[in-house]
Amino acid sequence: MKSEKLKNLTLAAMFLCIGYVLPFFTGQMKEIGNMLLPMHIPVLLTGFICGWKYGLIVGFILPISRSVFFGMPIMYPFALAMAFELATYGFVSGYLYNKSRWKCVKALLRCLIISMISGRIVWGIVQMILLGIKGGSFTLSMFISGAFLNAIPGIIIQIILIPVLMVSLHKAKFVRFGRK
């Protein structure tokens, strides 16, 4: 039991570090760097591999601490809204995948898509609250543009890359697919 907790804690720390570094690589592509959603991938993997508790914590800490350490994303409202979005990703992906009867690519994709939609809804709600506090507004078109249209490259990458990584980790006997 203790070794499992230590393993998950170590992996969560590794995914947190990947979340710090990955945006430096994608940021070099000025036109689409932010559209690739580089911090989302390690958070989703944390949820799938380590579980919902670790996914929730890594998801919440990553954008806020990255804002403090590196100044990006800007703390208000972006990093704060993103903290709730990524925490939702980590929680939902880990919780649903853990509750799945089968650990397979189909279950993984189902959990991934549900967590991505849930996170974007939470992001929209938090953005609306944060911008409302400041006296601004957050319209439906801003939500659709920010949550879906501008994120299409990142969504595609997540839907392809995360199952590929999980299958590779299964083949390496690091994670297990199959029936509970």
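Right above here is the structure, for reference.
Remember, predicted model here, so these are calculated numbers, not experimental data.

Caption draft 1: The packing of aromatic side chains, seen in detail. In total, this model carries eleven aromatic pairs according to the counting rule given. Aromatic pair Phe48 and Tyr97: ring centres 5.3 Å apart, planes at 85°, arrangement edge-to-face. Of the two residues, Phe48 sits in helix H2 (residues 40–50) while Tyr97 sits in helix H4 (residues 75–99), which places them 49 residues apart along the sequence. Exposure class is identical for Phe48 and Tyr97. Each is buried. The residue whose ring lies beneath Lys7 is Phe174, and the NZ or CZ to ring-centre distance is 5.0 Å. Against the face of Tyr97 rests Lys103, its NZ or CZ located 4.9 Å from the ring centre.

Caption draft 2: Main features of the side chain of Glu85. Counting through the fold element by element, Glu85 comes out in helix H4. Buried and without a salt bridge, Glu85 has Arg120 as its closest oppositely charged side chain, separated by 4.5 Å. Beyond its immediate stretch of four places on either side in the chain, Glu85 contacts His40, Gly119, Arg120, Val122 and Trp123.

Basis of the calculations
- Residues numbered from 1 in each chain as written.
- Predicted model: local features only at pLDDT ≥ 70, side-chain atom pairs only at ≥ 80, totals over all residues.
- Heavy atoms only, no water.
- Phe/Tyr/Trp six-rings, centres within 6.5 Å; stacked < 30°, edge-to-face > 60°.
- Helix = DSSP H or I, 4+ residues; strand = E, 2+ residues; numbered from the N terminus.
- Buried < 20%, exposed > 50% of the residue type's maximum accessible area, 1.4 Å probe, protein only.
- Lys NZ or Arg CZ within 6 Å of the ring centre and 35° of its normal.
- Lys, Arg positive; Asp, Glu negative; His and termini not counted.
- Salt bridge = Lys/Arg side-chain N within 4 Å of Asp/Glu carboxyl O.
- Contact = heavy atoms within 4.5 Å.

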